Each structure stands twice: as C-alpha cells, then as structure tokens.
Amino acid sequence: MDPDDDVMQALAKHDQRVEESGRSIWVGAEPTYTDRFSESPEWLFDALGDDKRHRALEMLARLGRHEHGAAVLRCVGRQYGGEPHPRWSVGIYARRDGARLWSGPPDPALAASPKTDTPTNPAALAATLSKALRAIGLNAMTVQSPLRERLVFRTDGTPPPNCATKEPALARSSLHSERVVGAEVEDELAESGNYLIVCSDQEGVANLELPKIPDVELFGRLLGAISTATLEMDLSAVMLSGHAPPVDPTVSWTTITPDPAVIEINMAPVACTVDLLQHLRDLENAAEQERLAPLRLQYNGVESDSGGGGHITLGGARPTVSPFLTLGQLLPSVVRYFNRHPSLSYLHATDSVGPSSQAPRVDESLHHDLSDFALALELLKRTDSPTPDTLWNSLAPFLADPSGNSHRAEINIEKLWNPFLGGRGCNGLVEFRAFRMAPSPETTAALAALLRAIVTMLAEQPFDEPLSDWGSELHSRFSLPYYLHRDLKEVLADLDASGLGLGDPLVKLLLRDRDLVLAERKLGSAHLEIRRALEFWPLVGDVATQERGGSRLIDSSTSRIEIRLRPTDPNELLDDWNVTVGNWSIPLQRVEDDEGEVVLVGLRYRSFVPLRGLHPTLGAQSPLTLCLSHPNAGHWHVSLHDWHPKSEPYAGLPANVEEARQRREQRCVVEPIDAKAIAPTVSPPGDAVCDQIVDLRWQQPKA
C-alpha cells in the first residue's frame with residue numbers, strides 16, 4: 001500500500017476498526033458512467049443503444065484482461081415495462097482465490113482477432129460438448145434431429161430427455177428474445193434436473209446459451225467441460241450467454257448493464273473498503289479510456305452526477321451471516337438513525353430529491369404521518385431476535401416510495417428477505433439509494449466507509465430514540481448546505497465517540513461543498529457566498545401512466561440557493577448588513593460555521609417557465625437580483641443568471657471541472673449602486689417564509 005495514498009491509508013484504518021469489532025460487513029457499489037459530451041438519446045435518456053453496448057463491451061474487455069482465468073458471460077438482463085425484450089448484461093465471473101475457472105477461447109470482446117470467416121458447426125459443437133460432459137461423470141446427450149445443435153445433461157446419473165416431441169421445452173426459443181414474465185427468468189427444465197445448452201453460430205462466432213445452474217461447483221465443472229470442447233474444436237472465440245451464473249463467497253460476479261443515459265456496473269461485493277477503492281479505481285481507469293465519465297458538466301457550469309446514481313449495498317458474505325439478519329434490531333436502528341440525520345439522505349443526493357425522487361426518505365413517502373411506522377418499529381423492539389420473515393414483513397410496507405414501489409426507497413430492502421423476487425430476494429442485503437454517482441472513486445469509498453462505520457456503531461449500541469417528525473424543517477432547513485454539513489458533523493462526532501472515526505482524508509470527501517458553490521465575492525467588509533441548495537421537484541401529469549415508461553415528468557423550474565455573508569473585518573457587525581429582493585427585506589439568521597460567524601438565508605425562485613408544470617401563470621424570475629447594502633461599506637446589486645449574463649451561447653460544454661466553476665462564477669454579476677437607488681422595503685408575507693427559506697415566487701411582479 002502506497003504510504004502517500006492518504007485515502008487508502010484512512011480506509012485501511014477503518015477496515016481494521018470494523019474487523020476489531022468482530023463484525024463482517026461486506027460492501028458493494030453500483031457506479032454509473034455516461035458520455036458527457038454526447039447528445040444522442042442513449043446518453044441522455046434512453047436505456048439502450050448500439051454505441052452504449054459497444055463501449056460497455058470495450059470496458060469489459062479492459063477489465064477482463066486483468067482477470068486471468070475468469071469467464072466472460074453475456075447473460076439475459078432485466079426486463080422493464082414498455083420494452084419488448086430483456087436488456088443485455090455482460091459480466092466477469094472469477095474465483096476469489098485466483099484459481100482458473102475458464103481455460104477456453106476468449107470472448108470476442110477480449111480476442112485479439114477472432115476468426116469469423118468460417119461459420120461454426122453448432123451440431124458438431126453440441127456433440128463434442130456432450131462427450132466432454134460425459135468425461136466428467138455427467139449424463140449428457142444431444143437432442144434428436146432436427147435439434148442436433150442442442151444438448152441436455154443431468155447430474156443424478158439418469159438419462160436426460162432428448163426428444164422434443166416428448167419434452168417440448170427442449171425446443172424453447174432463446175432466452176434473449178423472450179419477454180421475461182415475473183420477477184426473474186425461469187428455467188423449468190433446470191428445475192426438473194434437465195440442463196439444456198443451445199449451441200449456435202453468431203456471425204462466425206460460437207455461442208452457447210447456458211441453463212440456470214443451481215450451485216457454483218457444478219457451474220465450474222460445466223465451464224471446464226466447455227473449455228475442453230471448444231479447444232478441441234480449435235475455436236478462436238466463444239460467447240457464453242443465457243442465464244446468470246450462481247454466486248457464493250468463493251466467486252465474484254461483476255456485470256455491466258444499460259440504464260437510461262448511463263451504463264451501470266454492479267460490482268462484486270468485497271469484505272473491506274480498501275479492496276472496494278482499488279476496484280473502483282480500476283473501473284474509473286477503464287471508463288476514462290472509453291471516454292466515459294462519472295459526472296456531467298452542464299453548459300452553464302453546473303456540476304451534476306452521471307444521471308444514474310451511485311448506490312451502495314451492505315450485507316454479509318452469505319445471507320445467513322448478514323448482520324441485518326443475525327442482529328434483529330440492527331436494521332430498525334439504522335432506519336431510526338437515518339430519520340434523525342437528514343444529511344445522510346440529502347448531502348450526497350442526486351439533483352432530484354424528495355417524495356417524487358428515486359430514493360425518498362420514509363417520512364417523505366408517508367407524507368409525515370409516522371405513527372404506524374413508529375408502531376412497527378416498537379413491535380420489532382418488543383420481539384426477541386425477530387426472524388428474517390418478521391423483519392422484512394414489518395418494514396417492507398414502509399420502506400417504499402409514495403406509490404408503494406419498494407425498489408424506489410432510500411433504504412431499499414427488496415433483497416433482504418423478499419419471497420417475491422425469486423433467487424434475488426433473500427440475500428440479506430440493504431441498498432442505500434440516496435447517493436448520486438460520486439465524482440471520484442475516493443468519494444464512493446468514503447461513503448461506503450461512512451455506512452459501514454454507522455452500521456458497526458449501531459450493532460454495538462442499538463439506537464432506539466423516537467422518530468423525529470421534522471415537519472416543514474425537513475424540506476426547508478435541511479435544503480441548505482449549512483445545516484446538512486452541521487448534521488453530518490454530528491454523525492461524524494458520534495462515530496468518533498464510538499471509536500469508529502473516519503479520519504481527515506475521508507471526512508474532507510464526505511463534507512461535499514465545492515461543486516455546490518455558485519459564486520463568491522468580496523463586498524466591502526463582507527464576503528458573500530452563494531451555494532446551490534436542494535429543491536424538491538414534484539411529479540406532474542398522469543403519474544400512474546408514467547410508471548409504465550422509462551422516465552417520469554417532473555417540474556424542475558424552481559431553484560433554491562443559499563446565501564452566506566461573513567465579515568472580513570472582525571470589528572464589523574453583521575447586524576448592519578441588509579439583503580433585499582425587489583421590495584422585500586430578506587430576514588437573515590445569525591449562525592456559526594468553521595470559519596466563524598455568518599448570516600444565512602435560503603431563497604426559492606422560478607428559474608424558467610416549463611412547457612408543462614405547476615403554476616402556469618407564474619413567470620420566470622431569472623436573473624435573480626439581490627441588493628446587499630451596508631451603511632458604511634457600500635451598496636451592490638448582485639445578479640445571479642441561470643445562463644450567460646449576455647445571453648450568449650456557450651462554445652460547447654466545459655472541458656473540465658475548473659472551466660465549469662469559472663462559468664458559474666461568470667453568471668454572478670456584481671454592480672455597485674448608489675444608496676438613493678434602494679427603494680423602500682417591506683417584510684415578506686408569512687406564506688412566503690418557512691424556517692430559513694424565503695419563497696420569492698410569492699412576490700408580486702414589477703408593474
């Protein structure tokens with residue numbers, strides 16, 4: 001380990017503390033990447049596209065070349081409403097001990113120059129593979145004509161059926177062309193002990209569509225037999241498709257799949273954050289070589305994530321040792337703790353947050369009525385060692401979005417002990433979905449360490465404080481970066497007190513701030529800071545109909561900013577500063593941050609008029625112009641533009657983060673004014689003020 005790699009060193013200390021606690025908490029991540037310069041549908045909103053698939057395969061090849069003895073599998077992917085076929089999924093299957101699983105010809109994505117001029121003979125391949133399977137003690141035979149390119153085998157010594165007339169399922173069509181019905185792809189033949197393999201030729205490359213194999217040991221034997229048969233036939237490349245492979249703690253399974261606007265990598269879980277960071281760095285390197293990025297830089301300089309999120313999953317090496325199942329009060333403690341600390345939900349969230357988002361908090365889903373949820377937690381508290389069934393059935397109805405979708409929840413337990421998801425449902429996993437795709441591997445690893453530290457702390461010290469009913473504070477106070485930072489520091493203090501502190505390199509990554517800063521200016525004896533704050537955009541239109549599509553319509557026309565004003569002269573009083581917008585005198589709150597005393601306020605305004613949205617008669621309030629004045633220091637107009645101040649087009653997207661930040665700064669225009677230009681002001685009406693937020697949409701437009 002590099003002694004100069006301060007993040008890796010901090011993660012190693014974190015891993016050691018978790019290990020010393022006696023807890024084994026595995027972690028997985030789902031980073032997403034996009035082509036931030038492309039404006040084609042597949043990189044803006046569509047899930048599927050030829051370029052996306054090509055670059056996913058290239059990325060897979062870069063990763064696969066470092067996994068000696070691993071198998072590349074092109075499995076059937078997830079089925080989504082409105083799509084005629086399952087999505088594609090490509091992955092790398094390897095033994096964790098480094099032993100070789102695959103010795104056959106490479107997948108075409110990894111082959112230097114696969115020979116595709118001579119078509120494969122599928123019937124000959126089926127016969128050769130049958131012989132190889134019989135050589136390792138499995139009863140295998142090819143299916144009778146006219147399906148000689150198919151073979152079927154059994155493991156119990158009894159002869160498999162090989163006549164499609166007697167067993168029609170032997171003539172089934174390809175899994176990749178059939179619509180998936182239910183939670184996952186079924187294999188009725190395999191359930192009866194008959195494992196069907198279909199050989200075919202795809203543009204000169206041999207393809208074997210594999211059955212659903214129940215255990216890792218049998219799948220390894222099958223891969224060995226396929227290696228033997230394909231080498232015997234002198235094939236230069238082979239594709240393995242069909243069902244996804246079985247997984248246990250001895251193997252790793254990493255997949256790349258398509259999602260709207262991004263490709264998503266479902267990383268194989270690991271036992272420590274040091275390994276997680278190394279794998280994340282490998283992914284980042286492969287993505288960069290394919291010109292894929294973890295973030296987007298908008299024309300006006302706004303920094304966004306990739307568009308696909310960056311979920312993190314915790315669990316155990318096996319379902320039976322998952323801490324969430326072995327410690328019945330752990331998950332309720334986690335839920336209570338997240339309720340008390342909104343920073344865990346919001347500080348690293350995507351641009352779309354709140355009840356209409358992809359990861360609403362439980363108190364957002366329940367519209368602030370927490371009584372039944374509080375009762376569910378109390379009943380679990382009264383239960384000694386609740387079973388996995390009891391745990392899941394008690395919490396699943398509440399950990400869902402307002403429509404009841406359990407997949408869209410901040411704390412997603414659909415893979416904890418869910419009997420309705422087939423083999424994917426009972427894995428002891430908890431997925432934390434409130435995270436955007438982080439801008440760096442180090443930030444993702446820091447977030448994973450934060451979650452593992454919280455879970456370790458709560459495993460030792462169960463948290464059973466009553467749920468907080470935040471009311472309006474949740475979407476007002478905690479929309480501001482200042483309060484999110486303060487809340488997260490309370491979490492970090494709890495970890496320090498428990499002996500699970502994360503160290504400065506990780507804390508610096510966790511206290512996200514720089515990408516939120518829109519502008520900073522020195523005005524006389526004060527320093528002005530303007531940050532982007534959270535806005536909770538609503539769904540609009542026929543929401544039920546939109547559930548069947550790939551996206552949902554939201555009204556994103558409302559923006560929110562945080563204003564901080566701090567003295568540069570310690571002898572200057574902040575009380576003498578005034579902020580006005582139009583004829584409103586904006587109330588300021590005095591607080592303190594790490595640099596000392598500041599005055600603070602949040603402002604909401606309509607940045608544009610949407611084609612379809614709320615309040616059709618409300619006009620745009622951009623640029624937003626503030627008047628800052630001080631009786632001695634001076635008076636200024638500060639105009640915050642959402643686009644170029646001169647309404648000019650940008651030459652293109654920002655080349656890098658630094659250029660994006662320069663564009664944000666350029667959108668803030670400061671002009672000194674004469675005190676005589678300041679009109680008389682009034683206080684905002686009560687409807688326009690909520691906690692620390694002033695809603696300028698209530699303001700009467702100028703005549």
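Refer to the structure presented above.
Residues numbered from 1 in each chain as written. Predicted model: local features only at pLDDT ≥ 70, side-chain atom pairs only at ≥ 80, totals over all residues. Heavy atoms only, no water.

Caption draft 1: Region of the structure containing empty space enclosed by the protein. A complete count under the given rule lists two cavities of 30 Å³ or more for this structure. Taken as a whole, the largest cavity encloses approximately 80 Å³ of empty space. Around the largest cavity, the lining is made up of 14 residues, and of these Arg361, Val362, Leu399, Glu410 and Ile411 lie nearest the centre. For the lining of the largest cavity, the elements supplying multiple residues, two or more each, are helix H8 (330-340) and helix H10 (362-365). Tallied by class, residues from the lining of the largest cavity come to nine nonpolar, two polar and three charged. Put simply, the second largest cavity is a space of about 50 Å³. Lining the second largest cavity we find Ser343, Leu344, Leu347, His348, Phe435, Leu447, Leu450, Leu488 and Leu510. In terms of residue class, the lining of the second largest cavity is made up of seven nonpolar, two polar and no charged. (1 Å grid on protein atoms, 1.4 Å probe; cavity = no way out; pocket = protein on both sides within 12 Å on 5 of 7 lines; lining within 4 Å. Points joined across faces, edges and corners; volume = space filled by probe spheres on them. Helix = DSSP H or I, 4+ residues; strand = E, 2+ residues; numbered from the N terminus. Nonpolar A, V, L, I, M, F, W, Y, C, P; charged D, E, K, R; others polar.)

Caption draft 2: Representation of the sheet that holds strand E16 (residues 430-432) within the structure. Spatially, E1-E14-E16-E15 is the arrangement adopted by the four strands of the open sheet, whose pairing is antiparallel. Edge positions in the sheet fall to strand E1 (26-30) and strand E15 (411-412), since each of these pairs with one other strand and no more. Inspection of the sheet shows E15 paired to E16 by two bridges, in the antiparallel sense. Bridging from a neighbouring strand, Ile411 pairs with Phe432 of E16. (Pairing = 2+ DSSP bridges.)

Caption draft 3: Focus on the pattern of salt bridges. The full count for this structure, using the stated rule, is 44 salt bridges. What you see here is one network of salt bridges that share partners, running through Asp513, Glu529, Arg531, Glu562, Arg564, Arg566 and Asp593. (Salt bridge = Lys/Arg side-chain N within 4 Å of Asp/Glu carboxyl O.)

That's the geometry; what it means functionally is another story.
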